[in-house]
Amino acid sequence: VEIMTKEAGTVQLRELVKKLIPEVIGKEIEKLTQGIFPLKDTHIRKVKIIKKPKFDITKLMELHGDGDSDAGVTMVVEESSEAQNLLTASANATTGDDE
């Protein structure tokens, strides 16, 4: 438990996932416990986040940029005049019937 806590406490979440996938922590546990009891096939099966990581908006913005480049794209094909919102069309039809 101490080995896992030490490894998880010193790195960011992304680096921790990179260590968990190739089972680096499991191999380190095997090496450190060889003097006590010979373990083999040590795997980490489940990981639980006890404390929510700090949310850093500056790092998020560095990863995703300013967001100005994703403003949208103009439509390639123009909509036909027959294409209209069905809700407004039915509202227009009911107001026309009342008059």
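The structure under discussion appears in the preceding block.
The residue numbering used here restarts from 1 in each chain and proceeds along that chain's sequence as written. Reporting of local features is limited, given that this is a predicted model, to residues whose pLDDT is at least 70; pairs of side-chain atoms are given and counted only at 80 or more, and all residues count toward the totals for whole chains, interfaces and linings. Hydrogens and water molecules were not included; the side-chain quantities draw on all heavy atoms of the structure.

Q: Please explain the overall build of the protein as it appears in this structure.
A: When its secondary structure is counted, the protein shows 5 helices and 0 strands. By the criteria applied, helices consist of DSSP H or I runs no shorter than four residues and strands consist of E runs no shorter than two, each listed in order from the N terminus. When the helices and strands of the protein are read in sequence order from the N terminus, they spell out α-α-α-α-α. We call a residue buried when its accessible area falls under 20% of the maximum for its residue type, exposed when it is over 50%, and partly exposed in between, using a 1.4 Å probe and counting protein chains only. Counting only residues that meet the buried cut, the protein has 9% of its 99 residues in that class. Considering only intrachain contacts with a sequence separation of at least 6, the fraction spanning at least 24 residues in the protein is 33%. Throughout, the Shrake-Rupley method with a 1.4 Å probe supplies accessible areas, and for residues the shown protein chains are the sole cover considered. If you sum the accessible surface of the protein, you get close to 9,700 Å²; carbon and sulfur atoms cover 57% of it. Pairs of residues are marked as contacts when any of their non-hydrogen atoms sit within 4.5 Å.

Q: Just to check I follow, could you spell out the environment of Val 1 for this structure?
A: Relative to the assigned elements, Val 1 resides in the segment before helix H1 (2–10). In this structure the C-alpha to C-alpha distance between Val 1 and Ile 29, which are 28 residues apart in sequence, comes to 9.3 Å.

Q: What should I look at first to understand the pattern of salt bridges in this one?
A: Any two side chains of opposite charge can pair, given that their charged atoms come close. Each salt bridge in this description consists of a side-chain nitrogen of Lys or Arg and a carboxyl oxygen of Asp or Glu lying within 4 Å of one another. Scanning all chains against the criterion turns up 2 salt bridges. Put simply, Lys 6 and Glu 28 hold a salt bridge, and the shortest N to O gap is 3.8 Å. Here the residue Lys 6 occupies a position in helix H1, and Glu 28 occupies one in helix H3 (residues 24–32), the gap between them amounting to 22 residues. Residue classification places Lys 6 among the partly exposed positions, given a relative accessible area of 45%. The shortest N-O distance in the salt bridge between Lys 19 and Glu 7 comes to 2.5 Å. Linking Lys 19 in helix H2 (residues 13–20) with Glu 7 in helix H1, this pair joins segments that are 12 residues apart in sequence. Its relative accessible area of 9% is what places Glu 7 among the buried residues.

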